[in-house]
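# Descriptive structure summary
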Amino acid sequence: MTKLAEAILGKLPKPRYACLSQFLDIHGQIIDQGIALYFPAPSSYTGEDVLELQGHGGPAVMNLLLNQCLSAGARLAQPGEFTLRAYLNNKIDLIQAESVADIIEASTSEAARCAIHSLQGHFSTRIEALVSLLITLRMLIEAILDFPEDEIDNLQSLQIQDRLAHIQTQLEQIFMAARQGNLLQEGIKIVLVGAPNVGKSSLLNQLAEDDVAIVTEIPGTTRDTIQRTITIEGVPIHIIDTAGLRETSDFVEQKGIERTHAAIKNADMVFWLIDGSHDHPDTRDPILNHIPADKPQIILFNKIDLLDENPRIEGKEDTIRIYLSAKTGAGIELLRRKILEIVGWQFNPAGEGVFMARQRHLEALTQARSYLEKAQAFTENEYQLELLAEELRLSQSALSSITGQFTADDLLGEIFSHFCIGK
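For the structure given in this document, a descriptive report is provided here. (Residues numbered from 1 in each chain as written. Predicted model: local features only at pLDDT ≥ 70, side-chain atom pairs only at ≥ 80, totals over all residues. Heavy atoms only, no water.)

In terms of helices and strands, the protein carries 13 helices and 10 strands. For the protein, the proportion of its 423 residues judged to be buried stands at 44%. Taking all contacts inside the protein whose residues are at least 6 apart in sequence as the whole, residues at least 24 apart take part in 64%. When the accessible surface of the protein is split by element, carbon and sulfur atoms take 51% of a total near 22200 Å². (Helix = DSSP H or I, 4+ residues; strand = E, 2+ residues; numbered from the N terminus. Buried < 20%, exposed > 50% of the residue type's maximum accessible area, 1.4 Å probe, protein only. Contact = heavy atoms within 4.5 Å. Areas by Shrake-Rupley, 256 points an atom, 1.4 Å probe, with all protein chains shown as cover.)

Spatial strand order, S5-S6-S4-S7-S8-S10-S9: seven strands in an open sheet with mixed pairing. A strand with exactly one partner marks an edge of an open sheet, and here the two such strands are strand S5 (226-232) and strand S9 (312-314). Between one strand axis and the next, the sheet turns through 25° on average, direction left out of account. With respect to the sheet, helix H10 (residues 332-343) is in contact with strand S4 (188-194), S5, strand S6 (235-241), strand S7 (269-275), strand S8 (297-302), S9 and strand S10 (321-323), its orientation differing from that of S5 by roughly 85°. (Pairing = 2+ DSSP bridges. Axes fitted to C-alpha atoms, helices over the stretch in contact; angles between N-to-C directions.)

Let's shift gears to a nonpolar patch on the surface. The grouping of Leu 66, Leu 70 and Leu 76 at the surface amounts to a nonpolar patch, some 240 Å² of accessible area in total. Within the secondary structure, Leu 70 sits in helix H2 (residues 59-71). (Patch = residues over 30% accessible without salt bridge, like charges linked within 9 Å, V, L, I, M, F, W, Y side chains within 5 Å. Salt bridge = Lys/Arg side-chain N within 4 Å of Asp/Glu carboxyl O.)

The subject of this paragraph is the packing of aromatic side chains. Enumeration over the complete set of coordinates arrives at two aromatic pairs. For the pair Phe 123 and Phe 355, a centre-to-centre distance of 4.7 Å together with 0° between the ring planes defines the contact as stacked. Separated by 232 residues along the polypeptide, Phe 123 in helix H6 (residues 122-146) and Phe 355 in the loop between H10 and helix H11 (359-376) bring together distant segments of the chain. We note that Phe 123, like Phe 355, is buried. Taking NZ or CZ as reference, Arg 312 lies 3.8 Å from the ring centre of Tyr 323, over its face. When the ring centre of Phe 175 is taken as origin, the NZ or CZ atom of Arg 369, which lies over that ring, is 4.4 Å away. (Phe/Tyr/Trp six-rings, centres within 6.5 Å; stacked < 30°, edge-to-face > 60°. Lys NZ or Arg CZ within 6 Å of the ring centre and 35° of its normal.)

Look at the link from Ala 41 to Pro 42: it is a cis peptide, with omega at 5°. For Pro 42, the position within the fold is in the loop between strand S2 (30-39) and strand S3 (50-54). Backbone geometry places Arg 16, a non-glycine residue, at a positive phi of 60°. Assignment of secondary structure puts Arg 16 in the loop between helix H1 (2-9) and strand S1 (19-24). A positive phi is found at Glu 233, a non-glycine position, where the angle reads about 55°.

Let us now look at the environment of Glu 52. Within the secondary structure, Glu 52 sits in strand S3. At 2.6 Å, the side chain of Glu 52 forms a polar contact with the side chain of Gln 54. (Polar contact = N/O pair within 3.5 Å; in protein donor to acceptor, adjacent residues only side chain to side chain.)

Right, let's get into the side chain of Asp 93. With respect to the helices and strands, the residue Asp 93 is situated in the loop between helix H3 (81-88) and helix H4 (94-105). No salt bridge forms around the buried Asp 93; measuring N to O, its nearest opposite-charge neighbour Arg 360 is 7.8 Å away. Only 2.5 Å separates the side chain of Asp 93 from the side chain of Ser 124, close enough to count as a polar contact. With near-sequence residues (within four places) excluded, Asp 93 lies in contact with Tyr 87, Ser 124, Glu 128 and Thr 403. (Lys, Arg positive; Asp, Glu negative; His and termini not counted.)

Over its 18 residues, H11 runs 26 Å from end to end, which matches the ideal 26 Å to within 8%, given 1.5 Å per residue. Every buried residue of H11 is accounted for by Arg 360, His 361, Leu 362, Ala 364, Leu 365, Ala 368, Leu 372 and Ala 375. (Expected span 1.5 Å × (residues − 1).)

Attention now moves to the sheet that holds S2. A sheet is described by the order of its strands in space; here three strands give the open sequence S1-S2-S3, paired in antiparallel fashion. What marks the edges here is a single partner per strand, and that holds for S1 and S3. Between one strand and the next, the sheet's axes are offset by a mean angle of 45°, whatever the strand orientation. Sheet analysis places S2 next to S3, joined by five bridges and oriented antiparallel. By the bridge assignment, Phe 39 is partnered in S3 with Val 50. Strand contacts of H1: S1, S2 and S3, with the helix running at about 80° to S1, the strand carrying the most contacts. Along the sheet, H2 makes contact with S1, S2 and S3, crossing S2 at roughly 60°.

Moving on, we come to the packing of H6 against helix H12 (residues 385-403). Across the interface, H6 lies against H12 with an axial gap of 9 Å and an inter-helix angle of 160°. In terms of orientation, H6 lies roughly antiparallel with respect to H12. In this structure, H6 crosses over H12, and the sense of that crossing is left-handed. Looking at the contact of H6 with H12 residue by residue, the classes come out as 16 nonpolar, five polar and four charged. (Parallel < 35°, antiparallel > 145°, perpendicular 65-115°, else oblique. Left-handed = near helix turned anticlockwise from the far one by under 90°. Nonpolar A, V, L, I, M, F, W, Y, C, P; charged D, E, K, R; others polar.)

Bringing the environment of Ile 141 into the picture now. Looking at where Ile 141 falls in the secondary structure, it is placed in helix H6. Owing to a relative accessible area of 0%, Ile 141 belongs among the buried residues under this scheme.

A few words now on H10. Between its first and last C-alpha atoms H10 spans 17 Å; for 12 residues at 1.5 Å apiece the expected length is 16 Å, and the two agree. Considered for burial, the residues of H10 that qualify are Ile 332, Leu 335, Arg 336, Lys 338, Ile 339, Leu 340 and Val 343. Positive backbone phi, at 80°, marks Gly 344, one or two positions downstream of H10.

When the charged atoms of two side chains lie near each other, side chains of opposite charge can form a pair. Counted by the stated rule, this structure contains 14 salt bridges. With a closest N to O distance of 2.8 Å, Glu 48 and Arg 85 form a salt bridge. Separated by 37 residues along the polypeptide, Glu 48 in the loop between S2 and S3 and Arg 85 in helix H3 bring together distant segments of the chain. A residue is classified by how much of its surface remains accessible, and Glu 48, at 26% relative accessible area, is partly exposed. Put simply, Lys 303 and Asp 275 hold a salt bridge, and the shortest N to O gap is 3.3 Å. Linking Lys 303 in the loop between S8 and S9 with Asp 275 in strand S7, this pair joins segments that are 28 residues apart in sequence. Salt bridges linked by common partners bring Glu 48, Arg 75, Glu 81 and Arg 85 together as one network.

So this is what it looks like as structure tokens:
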């Protein structure tokens, strides 16, 4: 770092002070004048020596300065390399490292606040506390296994079942908070399906509060999928308008219908639109053959304005029906509320207690929960202690992979490769 600083600044700046400096090229000519900041290890973001140069900007000047840095021995950083170095130097854990990218990519203010909570260590602290409880429980079990003939209390007196139940309760609370954060990050994919000209494009325009899709009286106007992202209480909702499902000889429309099938497969939820002015739900409707039985769906009866009816919700669970008008907007707010209710969103304006969680976090928490459920079955007698200990060990391993205390190298490469260049 000293060699690099002398080549560009003529000297190594005073640590942790903003120094007005002249940035020099290889011939000693001034490239720019700006601020130089030197952070010696370990008091830096990465835990290593860091020299920060703040110039006036502009591509020409920045390219000259960058070329001088490269000539002096530096190299371009790989995607996520600074944060990766911070993780490897124990400045942050893996959750905090991922939250850096989440802050940068946050599409809503709520998502940004949750990502900041994770960066500050709230998520990590909860996971570490849970791991600590597991370690204590494992220690008690291992003591009984290692010294069976000594005077060690039995399972009941050690309150093994109560301790395990407490751990399960804590895990469930963390999972619910993480799932809320995952909704803020990933959002929800919703596909609009139905016969041609039932009002899918009009509904998309109403939800987006903009004319993003062409609306005409001609069936088959939508030939391709159209996606628009809206937010409801900070949750990103990715709505996909699709080509109407029907038999057609039009080659272009056929391609659009193929993409409709692909969109349905990848969706989290399906809106099945019906022309409520003359159609009714029919289990023999061929459109139902294209919607997986386990895919959450809402039946939307559109065009109630033609029937002079009021918007309403009927049914529950897998038979939810909403009566609305995509033309006038009647019932749209009912639909918005129902979307959040189905995905389990609980509005929290301050984001308190919600963690920005990725899919891998949820999968690890789900694995840990499964292992604990199996462990619960082995607490009945002392002849199954080995099985109990193994399930506890697997649960701890799953939780530790979240913070990176136990993480495969290939997973690290996958995580940091999605960062922006350098950061």
